[in-house]
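Next come the chains, spelled out residue by residue.
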Amino acid sequence: MQESDAVIAIASGSQRAGPDAPALPAPLVLLLAAGAGLGVASLYYSQPMLGVLGADFGASGQALGWVPTLTQLGYALGILLLAPLGDRFDRRSIILAKAAALVGALLLAAVAPGIGVLLAASLAIGITATLAQDIVPAAATLAPAAHRGKVVGTVMTGLLLGILLSRVVSGFVAEHFSWRTMFFAAAAAMAAIGVAAWRGLPRFSPTTQLPYGQLLASLATLWRRHGSLRRAALAQGLLSVGFSAFWSTLAVMLHGAPFHLGSTAAGAFGLAGAAGALAAPLAGQLADRRGPELVTRLGAGLAALSFAAMALAPWMTPAAQLCLLVAAAIGFDLGVQAALIAHQTLVYSIDPGARSRLNAVLMTGMFIGMAAGAALGSLLLAHWGWMGVTLLAVAASLAALAVRMGTSPQTA
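Residues numbered from 1 in each chain as written. Predicted model: local features only at pLDDT ≥ 70, side-chain atom pairs only at ≥ 80, totals over all residues. Heavy atoms only, no water.

Quick word on the overall build of the protein chain
Right, so step 1: A tally of helices and strands in the protein chain yields 17 helices and zero strands.
Right, so step 2: Expressed as a percentage of its 412 residues, the buried residues of the protein chain come to 55%. (Helix = DSSP H or I, 4+ residues; strand = E, 2+ residues; numbered from the N terminus. Buried < 20%, exposed > 50% of the residue type's maximum accessible area, 1.4 Å probe, protein only.)

Some thoughts on the packing of helix H5 (residues 91–110) against helix H9 (residues 179–200)
Right, so step 1: Between H5 and H9, the least distance of the axes is 8 Å, while the angle of their chain directions is 165 degrees. Taken together, the axes of H5 and H9 are roughly antiparallel relative to one another. Of the two elements, H5 crosses H9, and the hand of that crossing is left-handed. Contact residues: H5 offers Arg92, Leu96, Ala99, Leu102, Val103, Leu106, Leu107, Ala109 and Ala110, while H9 offers Trp179, Arg180, Phe183, Phe184, Ala186, Ala187, Met190, Ala191, Gly194, Ala197 and Trp198.
Right, so step 2: Of the residues that constitute the contact of H5 with H9, the class distribution is 17 nonpolar, one polar and two charged. (Axes fitted to C-alpha atoms, helices over the stretch in contact; angles between N-to-C directions. Parallel < 35°, antiparallel > 145°, perpendicular 65-115°, else oblique. Left-handed = near helix turned anticlockwise from the far one by under 90°. Contact = heavy atoms within 4.5 Å. Nonpolar A, V, L, I, M, F, W, Y, C, P; charged D, E, K, R; others polar.)

What about the side chain of Ser306?
Right, so step 1: Of note, Ser306 is situated in helix H14 (residues 292–309).
Right, so step 2: With sequence-adjacent residues up to four places away left out, Ser306 is seen in contact with Ala328, Gly331 and Phe332.

Some points on empty space enclosed by the protein
Right, so step 1: If you walk through the whole model with that rule in mind, you get three cavities of 30 Å³ or more.
Right, so step 2: Space inside the largest cavity adds up to approximately 150 Å³.
Right, so step 3: What lines the largest cavity is a set of 20 residues, and nearest its centre among them are Leu160, Ile163, Gln337, Leu340 and Met366.
Right, so step 4: Of all the secondary-structure elements, those providing two or more residues to the lining of the largest cavity are helix H8 (148–176), helix H11 (227–255), helix H15 (318–348) and helix H16 (355–384).
Right, so step 5: Ranked by residue count, the leading element in the lining of the largest cavity is H8, at five residues.
Right, so step 6: Residue composition of the lining of the largest cavity, grouped by class: 15 nonpolar, four polar and one charged. (1 Å grid on protein atoms, 1.4 Å probe; cavity = no way out; pocket = protein on both sides within 12 Å on 5 of 7 lines; lining within 4 Å. Points joined across faces, edges and corners; volume = space filled by probe spheres on them.)

Points about a nonpolar patch on the surface
Right, so step 1: Judged by side-chain polarity, Leu73, Leu77, Leu80, Leu81, Leu123 and Tyr212 come together as a nonpolar surface patch covering roughly 470 Å² of accessible area.
Right, so step 2: Looking at the nonpolar patch element by element, the count peaks at four residues for helix H4 (residues 61–81).
Right, so step 3: Considering the arrangement of structural elements, one finds Leu77 in helix H4.
Right, so step 4: With a relative accessible area of 37%, Leu77 lands in the partly exposed category. (Patch = residues over 30% accessible without salt bridge, like charges linked within 9 Å, V, L, I, M, F, W, Y side chains within 5 Å. Areas by Shrake-Rupley, 256 points an atom, 1.4 Å probe, with all protein chains shown as cover. Salt bridge = Lys/Arg side-chain N within 4 Å of Asp/Glu carboxyl O.)

Topic: H9
Right, so step 1: Relative to the 32 Å expected for 22 residues at 1.5 Å per residue, H9 spans 31 Å between its end C-alpha atoms, a close match to the ideal helical length.
Right, so step 2: By the burial criterion, the buried members of H9 are Trp179, Met182, Phe183, Ala186, Ala187, Met190, Ile193, Gly194 and Ala197. Along the axis of H9, the buried residues cluster in a sector spanning 135 degrees; they form a single face.
Right, so step 3: On its buried side, H9 packs onto helix H2 (26–41), helix H3 (50–57), H5, helix H6 (115–128) and H8. (Expected span 1.5 Å × (residues − 1). Arc of directions from axis to C-beta.)

So, the packing of helix H10 (residues 212–225) against H16
Right, so step 1: It is the contact of H10 with H16, at a shortest axis distance of 10 Å, that shows an interaxial angle of 70 degrees. Classified by the angle between their axes, H10 and H16 sit roughly perpendicular to one another. Considering how the two elements wind past one another, H10 and H16 form a crossing that is right-handed. From H10, Leu215, Ser218, Leu219, Leu222 and Trp223 reach across to H16, where they touch Arg357, Leu358, Ala360 and Val361.
Right, so step 2: When the residues that make up the contact of H10 with H16 are grouped by side-chain class, the tally is seven nonpolar, one polar and one charged.

Concerning the environment of Leu324
Right, so step 1: Looking at the secondary structure, you find Leu324 in helix H15.
Right, so step 2: Spatially, the C-alpha atoms of Leu324 and Ala311 are 9.9 Å apart, while their sequence positions differ by 13 residues.
Right, so step 3: Beyond its immediate chain neighbours, meaning those up to four positions away, Leu324 contacts Ala309, Met310, Leu312, Ala313 and Met316.

Overview of the packing of aromatic side chains
Right, so step 1: Here the structure, examined in full by the defined rule, presents six aromatic pairs.
Right, so step 2: Ring centres of Phe246 and Phe332 lie 4.8 Å apart, and the angle between their planes is 70 degrees; this geometry places the pair in the edge-to-face category. Here Phe246, found in helix H11, pairs with Phe332, found in helix H15; they are 86 residues apart in sequence, far enough to count as distant.
Right, so step 3: By way of ring pairs, the aromatic residues Phe243, Phe246, Phe307, Phe332 and Trp386 are connected into one cluster.
Right, so step 4: Seen from the ring of Phe89, Arg88 lies directly overhead, with NZ or CZ sitting 4.9 Å from the centre. (Phe/Tyr/Trp six-rings, centres within 6.5 Å; stacked < 30°, edge-to-face > 60°. Lys NZ or Arg CZ within 6 Å of the ring centre and 35° of its normal.)

So, the nonpolar core
Right, so step 1: Ranked by internal contacts, the top residues of the largest apolar core, which has 81 residues, are Leu159 and Phe183.
Right, so step 2: The residues contacting Phe183, other than those within four sequence positions of it, are Ser46, Met49, Leu106, Ala109, Ala110, Leu118 and Ile125. (Core = buried A, V, L, I, M, F, W, Y, C linked by side-chain atoms within 4.5 Å.)

So, the environment of Arg355
Right, so step 1: Inspection of the secondary structure puts Arg355 in helix H16.
Right, so step 2: Each C-alpha atom, one on Arg355 and one on Pro84, is 8.4 Å from the other, the two residues being 271 residues apart in sequence.
Right, so step 3: If near-sequence neighbours (up to four positions away) are discounted, Arg355 is found in contact with Asp87, Arg91, Pro137, Ala140, Thr141, Arg148 and Tyr348.

Quick look at the environment of Ile330
Right, so step 1: If you trace the backbone, Ile330 turns up in helix H15.
Right, so step 2: On the basis of relative accessibility, which here comes to 32%, the residue Ile330 falls in the partly exposed class.
Right, so step 3: In the structure, Ile330 is positioned 24 residues away from Ser306 in sequence and 8.5 Å away in space, judged by C-alpha atoms.

Details of the confidence of the model for the protein chain
Right, so step 1: Counting all residues, the mean pLDDT for the protein chain is 84, and 88% of those residues have values of 70 or more.
Right, so step 2: Ranking the elements of the protein chain by mean pLDDT puts helix H1 (residues 3–12) last, at 46, and H5 first, at 96. (pLDDT = per-residue confidence, 0-100.)

Observations regarding the pattern of salt bridges
Side chains that differ in charge, positive against negative, can pair when their charged atoms come close.
Right, so step 1: Taken as a whole, this structure holds six salt bridges when the rule is applied.
Right, so step 2: A salt bridge links Lys98 to Asp134, with the shortest nitrogen-to-oxygen separation between them at 2.8 Å. Pair noted here: Lys98 is in helix H5 and Asp134 is in helix H7 (residues 132–142), with a separation of 36 residues, a long-range link. Comparing Lys98 with Asp134 shows no difference in burial state: the two are buried.
Right, so step 3: Connected through salt bridges with shared partners, the residues Asp87, Arg91 and Arg357 form a single ionic network.

As structure tokens, this is what we get:
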């Protein structure tokens, strides 16, 4: 059997992706990683450009705040309402349809004549960017069981790099060209991904014939039935609280004393986080060899230690504080992402026929944590300073570790 034929057989269900199945071709893994990364990056392009957008449109800060808010809201709604369709229909068709719609939404943002159209485009971008959450279960389905952690880890590296580097890229492009150029470039990149996916992705056989209403209702059934799913969503949600609290308050903290740094410096911290994300496939390989439960514990523990190290900052010189923040960002980002990959490996093994729905539940828990972390982080920074943010992140990470330590590999 040829390598490409094996991939098609696995996707169609005629061959199980078992331990003896051939490894996925590297170009296909790269396509999945690039698609996930560029898809999710669409959520974050606008954030460094809000100042420029406000000047162009004469919009208030309150109105501009709705741009990222609607983008994230659209993403959350897309995960909850659209991601489960991956079990009901061919994932390839869903990915291609969302890629085309995302190109249209990005082009609408690029030509927006005013803030109203941009807000509508932002909501559409968020909804259609959920193609990233169709690509990850697709990768898990295509990957042989013995290498699933490694493949999912590689695809997640692409997704995480998209999150972490999107702000750096959009800030640079907006500063040297224009914000409209960034949206046009993003649309072109997604169009290229769509063409590559049309040519390179195999078809996937549906795993359920449930009507749409019953499909959504089954999310609650899966939640009640599988304790391992509940624990994974809870632990990853808690880790996301600290992750989001750090990144949502970093720019404000660096802007004040003793650093007095601008948004460009805050965006550059994304490069530190990217260094951690690049090690994510190693976490996937470790999950394949030693089991994902160990990786969840190591990831939560590393996140807690990295956040705790930031508590030393007030007693250090400003230069030393910046070095510590960079090192901590690498450490906690690696910990959070390693735990996420291990949790996905755990969740995808629960029911191969419900991977899209299982992923929707896990990601919903994660984004609830992200939203809570952003809100609590801003509140604590205003009333307790950076130490309050640090303590929140440490407490949330330790709580996640407690959730994982309370399970055995058999009940993970």
